[in-house]
Amino acid sequence: MKINKLIIGSRGSELALWQANFVKNELERKNKNLFVEIKIINTKGDKILDVALSKIGDKGLFTKELEKELLVGNIDIAVHSLKDLQTEIPKGLILTAVTKRHPVEDVLISKKNKTTISSLKENAIVATGSLRRKAQLLHIRPDVKTVELRGNVPTRIKKFLESDWDAIILARAGVERLKLSKYISSYIPIKEILPAVGQGALGIEIKEDNFFAQKILESINDEKTFVEVRAERALLKKLEGGCQVPIGAYAELKRNGLYLDAVVVSLDGSMTFRKKIRGSKKDPEKVGEKLANQLLKAGASIILKEIYNK
Ligand SMILES: NCc1[nH]cc(CCC(=O)O)c1CC(=O)O
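Worth saying up front: this structure is predicted, and the values here are computed from it rather than measured.

Draft legend 1. Summary view of the domain arrangement of the protein chain. When its domains are assigned, the protein chain resolves into domain 1 (1–103 + 201–221), domain 2 (106–187) and domain 3 (223–310). The gap between the C-alpha centroids of domain 1 and domain 2 is 28 Å. Contacts between domain 1 and domain 2 engage 10 residues on the former and 14 residues on the latter. Looking at the side of domain 1 that touches domain 2, the elements with two or more residues in it are helix H1 (14–30) and helix H3 (53–56). Ranked by residue count, the leading element in the side of domain 1 that touches domain 2 is H1, at 3 residues.

Take a look at the structure:
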């Protein structure tokens, strides 16, 4: 009996390892005689911990080292949080599969249960490193003061508990995967804060000529999620955004079509452009590009120009 082996490369954070182990277990469950090993690879994003993400401004901060290892053949599979994976995949690599999405929304963590964005006290202090969260939050609550927050998910929660801040915002997916749900005060409705493109899904990258890995990974691909995130990623690509731009988007494949809802917000929250369209699931990229163009035309181009020129 032949035993086949695949090597997953993963960042070393607790969340990344949870995700890599999830993929390993799913692959081994669905493919008898397959053995999957996990190899930890440190990325620039894991090393630079004292600078605001928005200031490092480097696309592929959490992914480049993993991609190098793929290209030289030291690993077969890179597992990423899809939202950290840049829209432009390097030559020689492909995004071959995405896993079924976790609930996509962000959550509010405060020191009191059930706190929501609207029930935060006046002039509350909210910590977040994400321009997307900050801008959308300020749009609803211009009185709120935001402060920078970085680090892995458990570190951010720890920093929060030791601080005098009123709340922090995190992705529901990461908090729930690490079994930290008891800290969640409320789920933030999509109509208040749109998630990051790809939030809640795992993106699986391989070398384009690794046909064995490609075949095996079909077993864990979720086609519905793939169609949704293709629309979201096409929108982001058209808006030329990396992970550090105030853009939120959420696509949903329903019986009667592919819906895409997206927003571009100025950094201080004062200006916002939000639109939703429905298109065909047969061409998700077209849906993403169409909505991006509509947003640009409506005025989002002013916001993006200002940000990219900085
Ligand atoms: N930017 C870091 C990051 N990348 C993926 C997740 C959570 C998992 C996901 O959204 O899929 C997080 C933490 C967070 O934003 O709270």
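That covers the picture; the talk isn't over yet.
Draft legend 2. How the structure looks around the sheet that holds strand S12 (residues 257–265). Overall, antiparallel pairing links the 3 strands, which are arranged S11-S12-S13 in an open sheet. Looking along the sheet, the strands with just one partner apiece sit at the ends: strand S11 (247–254) and strand S13 (272–279). Direction aside, neighbouring strands of the sheet carry axes that sit 10° apart on average. Pairing analysis gives 8 bridges linking S12 to S13, with the strands arranged antiparallel. Residue pairing in the sheet places Leu260 in a bridge with Ile277 of S13. Here helix H5 (residues 131–140) sits on the sheet in contact with S11, S12 and S13, set at roughly 80° to S12. Sheet strands in contact with helix H10 (residues 284–308) are S12 and S13, and its direction is about 160° off that of S13.

Draft legend 3. Inspection of the sheet that holds strand S9 (residues 186–187) at higher detail. As summarised here, the arrangement of the 5 strands in space is S7-S6-S8-S5-S9, forming an open sheet in which the pairing is mixed. Of all the strands in the sheet, the pair left with one neighbour each is strand S7 (145–147) and S9. Bridge count between strand S5 (residues 106–110) and S9: 2 bridges; the pairing is antiparallel. Bridging from a neighbouring strand, Val107 pairs with Tyr187 of S9.

Draft legend 4. Quick look at the site of the ligand. Every residue near the ligand is listed here: Ser81, Lys83, Asp84, Val153, Leu170, Ala171, Ala173, Gly174, Gln199 and Gly200. Broken down by secondary-structure element, the contributors of at least two residues to the shell around the ligand are strand S8 (167–171) and helix H7 (172–177). Taken together, the residues that form the shell around the ligand break down as 4 nonpolar, 4 polar and 2 charged. When residues of the shell around the ligand are assigned to domains, at least three fall in each of domain 1 (1–103 + 201–221) and domain 2 (106–187).

Draft legend 5. Summary view of the nonpolar core. Judged by nonpolar contacts, the single largest core of 50 residues is most densely connected at Ile168, Leu235, Ala249, Leu260 and Ala262. Built from parts of two domains, this core gets at least three residues from each of domain 2 (106–187) and domain 3 (223–310). The residues contacting Leu235, other than those within four sequence positions of it, are Ala249, Leu260, Ala262, Gly288, Leu291 and Ala292. Within the second largest apolar cluster, 27 residues are counted, among which are Ile8, Ala78, Leu202 and Phe226.

Draft legend 6. Examining H10 more closely. Between the first and last C-alpha of H10 there are merely 26 Å, a value that for 25 residues lags more than 12% behind the 36 Å anticipated at 1.5 Å per step. Listed as buried for H10 are Pro284, Val287, Gly288, Leu291, Ala292, Leu295, Ala300 and Ile303. Where H10 is buried, its residues contact helix H9 (223–238), S12 and S13.

Conventions used here
- Residues numbered from 1 in each chain as written.
- Predicted model: local features only at pLDDT ≥ 70, side-chain atom pairs only at ≥ 80, totals over all residues.
- Domains from an automatic or database assignment.
- Contact = placed C-beta atoms within 7 Å.
- Helix = DSSP H or I, 4+ residues; strand = E, 2+ residues; numbered from the N terminus.
- Pairing = 2+ DSSP bridges.
- Axes fitted to C-alpha atoms, helices over the stretch in contact; angles between N-to-C directions.
- Near = placed C-beta within 6 Å.
- Nonpolar A, V, L, I, M, F, W, Y, C, P; charged D, E, K, R; others polar.
- Core = buried A, V, L, I, M, F, W, Y, C linked by C-beta atoms within 7 Å.
- Buried ≥ 20, exposed ≤ 12 C-beta atoms within 10 Å, placed from the backbone.
- Expected span 1.5 Å × (residues − 1).

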